[in-house]
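# Fold and geometry: a report
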Amino acid sequence: MFSKKRALAVAAIAAGAALVLAGCAGGSDEAPDAAPTFDPNEEVSLDLAFWGNDVRADLYNQAIDAFNEEYPNITVNATFLTFPEFWEKRQTEAAGGNLPDVMQFDYSYLRQYSENNLLLDLDPYLGNIIETDPLPENILDIGVVNDTTYGITTSTNAWGLFTNPVLLEKAGVAEFEGGSWDDYAEWMGEVTDGAGGEFWGGADFTGRIQNFELQLRSEGENLFNEDGTPGFDEERLTEFWESGQDVRDGIGIPQQRVEEVAPKGAFDSALTASELTWDNFGAGYLAGLGAGYTELGLIAPPVTEEGAKDLYLKPSMLHTISASTEHPEAAATLVNFLVNSPESGEIFGTNRGLPASETALEAAELDPLSQQVKDYEASIADRLGDAPPVPIVGYGTLEEKFRQLGTELAFGTVTVDDAVSQFFAEMDVVLNQ
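Residues numbered from 1 in each chain as written. Predicted model: local features only at pLDDT ≥ 70, side-chain atom pairs only at ≥ 80, totals over all residues. Heavy atoms only, no water.

## Some remarks on the pattern of salt bridges
For the structure shown, the criterion picks out 10 salt bridges. Close ionic contact of Arg111 with Glu115 constitutes a salt bridge, the shortest N to O distance being 3.0 Å. Residue Glu260 is joined to Arg257 by a salt bridge in which the shortest nitrogen-to-oxygen separation is 2.6 Å. Here the residue Glu260 and the residue Arg257 both occupy positions in helix H11 (residues 255-261), the gap between them amounting to three residues, near one helical turn. Residue class for Glu260 comes out partly exposed when judged on its relative accessible area of 47%. (Salt bridge = Lys/Arg side-chain N within 4 Å of Asp/Glu carboxyl O. Helix = DSSP H or I, 4+ residues; strand = E, 2+ residues; numbered from the N terminus. Buried < 20%, exposed > 50% of the residue type's maximum accessible area, 1.4 Å probe, protein only.)

## Re the sheet that holds strand S9 (residues 297-299)
Within the open sheet, the three strands sit side by side as S8-S7-S9. Their pairing is antiparallel. If you trace the sheet from one side to the other, it starts and ends with strand S8 (274-278) and S9, each paired once. Strand-to-strand twist across the sheet, computed as the mean angle between neighbouring axes with direction ignored, equals 30 degrees. Relative to S9, strand S7 (residues 159-163) runs antiparallel, the two sharing three bridges. Bridge pairing in S9 places Thr163 opposite Gly297. (Pairing = 2+ DSSP bridges. Axes fitted to C-alpha atoms, helices over the stretch in contact; angles between N-to-C directions.)

## Examining helix H13 (residues 328-340)
With 13 residues, H13 should reach 18 Å at 1.5 Å per residue; the first-to-last C-alpha distance of 18 Å fits that figure. Across the 13 residues of H13, 12 count as buried, placing the element largely inside the fold. The set of residues buried in H13 consists of Pro328, Ala330, Ala331, Ala332, Thr333, Leu334, Val335, Asn336, Phe337, Leu338, Val339 and Asn340. (Expected span 1.5 Å × (residues − 1).)

## Observations concerning a negative patch on the surface
Where like charges cluster on the molecular surface, the negative patch consists of Asp65, Glu69, Glu70, Glu343, Glu346, Glu365 and Asp367. Looking at the negative patch, the elements with two or more residues in it are helix H2 (54-70) and helix H14 (342-348). On the secondary structure map, Asp65 appears in helix H2. (Patch = residues over 30% accessible without salt bridge, like charges linked within 9 Å, V, L, I, M, F, W, Y side chains within 5 Å. Areas by Shrake-Rupley, 256 points an atom, 1.4 Å probe, with all protein chains shown as cover. Lys, Arg positive; Asp, Glu negative; His and termini not counted. Charge placed at Lys NZ, Arg CZ, Asp CG, Glu CD.)

## Examining helix H3 (residues 83-96)
For H3, built from 14 residues, the straight-helix expectation of 20 Å at 1.5 Å per residue is met to within 8% by its first-to-last C-alpha distance of 20 Å. Listed in full, the buried residues belonging to H3 are Phe86, Trp87, Arg90, Glu93 and Ala94. Along the long axis of H3, the arc covered by the buried residues comes to 120 degrees, so they all point the same way. Seen from the open side of H3, the exposed residues pointing more than 90 degrees away from its buried face are Pro84, Glu88, Thr92 and Gly96. One or two residues past the end of H3 sits Gly97, with phi positive at roughly 70 degrees. (Arc of directions from axis to C-beta.)

## As for the packing of aromatic side chains
Scanning all chains against the criterion turns up 37 aromatic pairs. Ring geometry for Trp51 versus Phe83: centroids 5.1 Å apart, planes at 90 degrees, classification edge-to-face. Taken together, the residues span a long stretch of sequence, with Trp51 in strand S1 (residues 44-51) and Phe83 in helix H3 at a distance of 32 residues. Given the relative accessible area of 33%, Phe83 is considered partly exposed. Ring geometry for Tyr109 and Tyr113: centres 6.3 Å apart, planes at 75 degrees, overall edge-to-face. According to the relative accessible area criterion, Tyr113 is buried, its value standing at 0%. Among the aromatic side chains, those forming a connected cluster through ring pairs are Phe212, Phe224, Phe232, Phe240, Trp241, Phe402, Phe423 and Phe424. Sitting above the plane of the Phe86 ring, Arg90 keeps its charged end 4.4 Å from the centroid. One cation-aromatic arrangement involves Arg352 over Phe348; the distance from NZ or CZ to the ring centre is 3.8 Å. (Phe/Tyr/Trp six-rings, centres within 6.5 Å; stacked < 30°, edge-to-face > 60°. Lys NZ or Arg CZ within 6 Å of the ring centre and 35° of its normal.)

What follows is the structure, encoded as structure tokens:
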């Protein structure tokens, strides 16, 4: 039976009024006295909701067919939407107290829904209905909010540095060998010089909040602590944004060129030779680059402090169960199949990211890029630490504000001091709403 290592403080962070009302009407969170089991002879109907496209929908249909071979008495009614529409519908359902039994779930919403009593406590089902042996403890911990498990991680990714071998060859520069952030900026400058104005070594890395988080974790801090307080002050954010000035002054791609190729990015438009982002973005990059680009480099990000556990595995997505489900045992049985079964791994492959379950991963057929991601995550094992606290309610708003201010810094339309003031003003609103 899975037992958590850490005792987390309860964080009472407010969410939207609709979710608060829905939370009051949610199901009981009292755990049953005995370990729950599912009666395979019971006829049950479950609603399953996920985001994606027709390709993912077909994969879910195949998985449901395989599930029904083992559990013929559980009827699964699946629906899917695009990512924005998916969450709009969940908000409406939450207000009415009628969320689907089983949901594909995004990490950024886990605290909001769990703290409003909208998600089922999964701890009673761990180790019996939901197998835990294939899921390492650090993977199980990802779905924990306030010392309670509300989500099971389906797949993982990690922060990494993609590079473009074709552009590096054109620039006459070798692959980045690793080092500090200053070393990375210097390497970008060499690529930019070698490219002769055709492309650049990279972009301003201080425009991404994840790179700030990486540095904070190296210093033993979180972006946001379990109680919702920030792990940095104005001085630290000022230092971070100022560290990107040389990149903004000519080493990195001009922001105007970035805007000209939008909605594509600079990296998949072959305008930059490197990009710091989540390691599951590779397939999209190759598709955007098109003919002539058959592979990418994928290496660890720059180092802030040697030996620090600054990286972590982030869930590409999770599966959760509604607190108001009438069939928790059947729902847990479906979640276990979608996460842990070899059939699920074989059917989905890496469509949902690199499978988090060892049994699903072993059954998945990995294409060369997926194998590269798997090898990359193995290569950074010595830098992987515990996942940070589940994102605060409103994290998405702050992430977007950070990105917008990074864009303005790149354009030179705002000073670092003004950007810091604006971000802290926005953060004050989000944290005290």
